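Commentary on secondary and tertiary structure
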Amino acid sequence: MLQGKTAIVTGGGQGIGKAIALLFARNGARVVVSDVVRETAEKVAEEIRQSGAESVAVACDVSKADQCETLMKAACDRFGSIDILVNNAGVTRDNLLMRMKEEDWDFVLSINLKGVFNCCKSVARGMMKQRSGRIINISSVVGLMGNAGQVNYSASKAGVIGITKTLAKEFGSRGINVNAIAPGFIQTAMTDKLSEESRQQLVQFIPFQMLGSADDVANAALFLACPLSSYITGEVIRVDGGMAM
Ligand SMILES: NC(=O)c1ccc[n+]([C@@H]2O[C@H](COP(=O)([O-])OP(=O)(O)OC[C@H]3O[C@@H](n4cnc5c(N)ncnc54)[C@H](O)[C@@H]3O)[C@@H](O)[C@H]2O)c1
């Protein structure tokens, strides 16, 4: 479905990003696996090459604009152009507002929100010139619903939806689709941090009564990256087992 396309996945070293990178490669894409942790990105790129597809790892901290510029340049130098950008890198630093430190707010916003701005800005010129492209932003149901103890994270993920809709309007006439995915409660290192008690409590609110997998999110990303979704832009697809209805 992605034959001949080049995709960049930020935060691609593990979890949802890794699942997206592997699925895109299985569907014919050349994948630039990027992560702030170079070793995990290298591992995923190596796994893709072992399977016979093309892949390269590029270390990048998405909160740093210059590193995002370097990432896009490295991808273009290697593969010629960029067709798909998946803004997946994300972090949490949870606390109730009254206990949250300013640095925890800044840290989460700088990666989850400014990181998306940085990467979109770096990739946009090339996509506008070629008059085609797909940008897929990984938000969260928490950006739609809010969540006690996650004021920084929910603000960042709501902001990602704002960026998505704005860029869909700015780039529509240039043939660039910009969409977001709002995953619910997905089994990854990020949710492994939760206690068994909070896990049980959360599961009660999911009609499917279970966590989703990284592959569930990757499947939605593949849909948004491929021609099946050509006429969809500015959309937010929930992948949450019905949690945020
Ligand atoms: N797991 C869930 O339940 C869930 C739910 C909703 C949304 N999400 C979102 O999905 C995305 C992936 O989450 P995950 O569960 O796979 O988490 P994860 O912690 O397993 O993976 C996140 C990846 O991002 C990388 N990263 C962190 N800071 C970075 C930076 N500054 N620059 C580049 N890369 C950086 C990490 O090294 C890691 O490889 C995140 O945006 C997250 O907010 C996850």
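Within each chain, residue numbers correspond to sequence positions counted from 1 in written order. Local features are withheld for residues below a pLDDT of 70 in this predicted model, meaning they are given only at 70 or higher, and side-chain atom pairs are given and counted only at 80 or more; totals for whole chains, interfaces and linings count all residues. Where side-chain values are given, they derive from all heavy atoms of the structure, hydrogens and water being excluded.

With that settled, the discussion passes to the site of the ligand. What makes a residue near a molecule or strand is one non-hydrogen atom of that residue sitting within 4 Å of it. Inspection of the region around the ligand gives 28 residues, with Gln14, Asp35, Asn88, Tyr153 and Thr188 positioned closest. The term polar contact refers here to a pair of N or O atoms within 3.5 Å; inside protein, the definition further demands a hydrogen-donor-capable atom paired with an acceptor-capable atom, and it admits residues adjacent in sequence only when both atoms are side-chain atoms. Within the backbone of isoleucine 16, a nitrogen or oxygen atom sits 2.8 Å from an oxygen atom of the ligand. At 3.1 Å from a nitrogen atom of the ligand is found a main-chain nitrogen or oxygen belonging to valine 62. Residue-level accessible areas treat just the shown protein chains as cover; the underlying method is Shrake-Rupley with a 1.4 Å probe. About the coverage of the ligand: the protein hides 93% of its 830 Å² of free accessible area. When contributions to the shell around the ligand are tallied by element, the ones reaching two or more residues are α1 (15-26), α7 (151-171) and α8 (189-192). Going along the chain from the N terminus, every DSSP run of H or I of four or more residues is numbered as a helix, and every run of E of two or more is numbered as a strand.

Turning our eyes to something else, we now look at the nonpolar core. Here the nonpolar core consists of buried residues drawn from Ala, Val, Leu, Ile, Met, Phe, Trp, Tyr and Cys, with membership extended through side-chain atoms lying within 4.5 Å. Each residue is assigned to one of three classes by its accessible area relative to the maximum for its type, calculated with a 1.4 Å probe on protein chains only: buried under 20%, partly exposed between the two thresholds, exposed over 50%. In terms of nonpolar packing, the biggest core is built from 36 residues, with Ile20, Phe24, Val31, Ile48, Ile136 and Ile181 touching the most fellow members. Of all the secondary structure elements, the ones that give two or more residues to this core are β1 (6-9), α1, β2 (30-35), α2 (38-50), β4 (84-87), β5 (133-138) and α10 (214-225). We call two residues in contact when some of their heavy atoms are within 4.5 Å. Every residue in contact with isoleucine 181, bar those within four places of it in the chain, is listed here: Ile136, Asn137, Ile138, Ser139, Ser140, Val217, Ala220, Ala221, Leu224, Ile237 and Val239. If you look at the next biggest cluster of nonpolar residues, it comprises 29 residues, including Val62, Cys68, Ala124 and Ile135.

Even without a glycine there, the phi angle at arginine 131 is positive, about 55 degrees. As for its position among the elements, arginine 131 is in the loop between α5 (114-130) and β5. Backbone geometry at glutamine 209 places phi at a positive 60 degrees, although glycine is not the residue there.

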